[in-house]
Amino acid sequence: MKALKVDHIGIAVKNLDETIKFYQDVLGLECQGSEVVEEQKVKVAFLPVGDTEVELLESTAEDGPIAKFIEKNGEGVQHIAFRVENIEEAIAYMKSKGMAMIDEKPRYGAGGASIAFVHPKSSHRVLVELSERK
Ligand SMILES: C[C@@H](C(=O)O)C(=O)SCCNC(=O)CCNC(=O)[C@H](O)C(C)(C)COP(=O)(O)OP(=O)(O)OC[C@H]1O[C@@H](n2cnc3c(N)ncnc32)[C@H](O)[C@@H]1OP(=O)(O)O
Ligand SMILES: [Co+2]
């Protein structure tokens, strides 16, 4: 298994529209659209930069992972997503290396990706997302 690239950097924000303005006006990025991902209780916006993307995440529910993260830490980088060739193989490989998987089966990710999270306790306190895109 080899991570192919940084697919995106996930940033927890309180207000999507306000934060998008910063990335557009100050960093010159363009928002490629937004999507509600019910399963993760988030509304996401993607802003491509080079061959990767910034993923802005606003919570849609008080008990969602982004709401909890902001409650504890405030806004900021919440996860890093690595692109993998085959998500099932990547999950199996991670498990063989003793990683604690939050998701043992692929879940739906924004834009139709297949994703799985590795628990930060296994990955030196960085929440790692694995992402396969067809
Ligand atoms: C739409 C999709 C996409 O890209 O397509 C997305 O990205 S969705 C992105 C949003 N979805 C997700 O994040 C789903 C996966 N995340 C989760 O299941 C959860 O957020 C967990 C990562 C398990 C954390 O849950 P919770 O806060 O309830 O756990 P906890 O308070 O017991 O925390 C356990 C330990 O992990 C640490 N911890 C918690 N969140 C962390 C984070 N984001 N980065 C690094 N460390 C983190 C805590 O400080 C704590 O450390 P200590 O024990 O040392 O105090
Ligand atoms: Co993500």
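- In the annotation of an unreviewed UniProt entry, the chain is listed under the name Methylmalonyl-CoA epimerase and assigned to Fusibacter paucivorans.
- Looking at the Sequence similarities (unreviewed entry) heading of the UniProt record, one finds this comment for the chain: "Belongs to the methylmalonyl-CoA epimerase family."

A few points about the UniProt feature "domain: VOC" (unreviewed entry) in the chain
Right, on to step 1. The UniProt record annotates "domain: VOC" (unreviewed entry) at residues 5-133.
Right, on to step 2. The straight-line gap between the two end C-alpha atoms of residues 5-133 is 12 Å; of that span, 22% is helix and 40% is strand.

What about the site of ligand 1?
Right, on to step 1. As a structural note, the neighbourhood of ligand 1 is formed by 23 residues, with Glu55, Lys72, Gln78, Ala110 and Arg125 the closest of them.
Right, on to step 2. Contacts to ligand 1 include Arg125, whose side-chain N or O atom sits 2.3 Å from an oxygen atom.
Right, on to step 3. When residues in the shell around ligand 1 are grouped by element, the largest group, five residues, is from helix 2 (residues 65-73).
Right, on to step 4. Of the residues in the shell around ligand 1, the class split is 12 nonpolar, six polar and five charged.

Concerning the environment of Asp51
Right, on to step 1. Position of Asp51 relative to the elements: it lies in the loop between strand 3 (42-49) and strand 4 (52-59).
Right, on to step 2. Spatially, the C-alpha atoms of Asp51 and Lys105 are 27 Å apart, while their sequence positions differ by 54 residues.

Overview of the sheet that holds strand 3
Right, on to step 1. Across the sheet, eight strands lie side by side as 2-3-4-1-5-8-7-6; this open sheet has mixed pairing. At either margin of the open sheet sits one strand with a lone partner, and together these are strand 2 (34-37) and strand 6 (107-109). The sheet shows a mean angle of 35 degrees between the axes of neighbouring strands, taken without regard to direction.
Right, on to step 2. Summarising the sheet, strand 5 (residues 76-83) and strand 8 (residues 128-132) pair through four bridges and their orientation is parallel. When the sheet's bridge partners are listed, Phe82 is paired in strand 8 with Leu130.

A closer look at the coordination of the cobalt ion (ligand 2)
Right, on to step 1. The protein atoms donating to the cobalt ion (ligand 2) are His8 (NE2), Glu55 (OE), His79 (NE2) and Glu129 (OE), with metal-donor distances spanning 2.1 to 2.3 Å.
Right, on to step 2. Coordination geometry of the cobalt ion (ligand 2): the six donor atoms subtend angles of 76 to 171 degrees at the metal centre, consistent with an arrangement described as octahedral.
Right, on to step 3. Site description for the cobalt ion (ligand 2): donor spacing in sequence, H-x46-E-x23-H-x49-E. With His8 in strand 1 (residues 5-13) and Glu129 in strand 8, the pair connects residues that are 121 residues apart, well separated along the chain. For the pair His8 and Glu129, a shared accessibility class is recorded, and that class is buried.

Quick notes on the packing of aromatic side chains
Right, on to step 1. Here the structure, examined in full by the defined rule, presents one aromatic pair.
Right, on to step 2. An angle of 80 degrees between the planes, with centres 4.9 Å apart, marks the rings of Phe22 and Tyr23 as edge-to-face.
Right, on to step 3. Residue Phe22 is classed as partly exposed on the basis of its relative accessible area of 40%.

Focus on the side chain of Glu55
Right, on to step 1. By the secondary structure assignment, Glu55 is in strand 4.
Right, on to step 2. Here Glu55 sits buried without a salt bridge, and the closest side chain of opposite charge, Arg133, lies 5.9 Å off (N-O distance).
Right, on to step 3. Engagement of the side chain of Glu55 in a polar contact is seen with the side chain of His8, the distance being 3.2 Å.
Right, on to step 4. Contact partners of Glu55, with chain neighbours within four places excluded, come to His8, Ile9, Gly10, Ile11, Val44, Ala45, Phe46, His79 and Glu129.

Here is what the cut-offs are and how they apply
- Residues numbered from 1 in each chain as written.
- Chains lettered and ligands numbered in written order.
- Predicted model: local features only at pLDDT ≥ 70, side-chain atom pairs only at ≥ 80, totals over all residues.
- Heavy atoms only, no water.
- UniProt positions renumbered as here; feature names shortened; annotations may be inferred.
- Helix = DSSP H or I, 4+ residues; strand = E, 2+ residues; numbered from the N terminus.
- Near = heavy atom within 4 Å.
- Polar contact = N/O pair within 3.5 Å; in protein donor to acceptor, adjacent residues only side chain to side chain.
- Nonpolar A, V, L, I, M, F, W, Y, C, P; charged D, E, K, R; others polar.
- Pairing = 2+ DSSP bridges.
- Axes fitted to C-alpha atoms, helices over the stretch in contact; angles between N-to-C directions.
- Donors = N, O, S within 2.8 Å, 3.2 Å for Na, K, Ca; no water.
- Tetrahedral: all angles 85-135°; square planar, octahedral: opposite > 155°, others 65-115°.
- Buried < 20%, exposed > 50% of the residue type's maximum accessible area, 1.4 Å probe, protein only.
- Phe/Tyr/Trp six-rings, centres within 6.5 Å; stacked < 30°, edge-to-face > 60°.
- Lys, Arg positive; Asp, Glu negative; His and termini not counted.
- Salt bridge = Lys/Arg side-chain N within 4 Å of Asp/Glu carboxyl O.
- Contact = heavy atoms within 4.5 Å.

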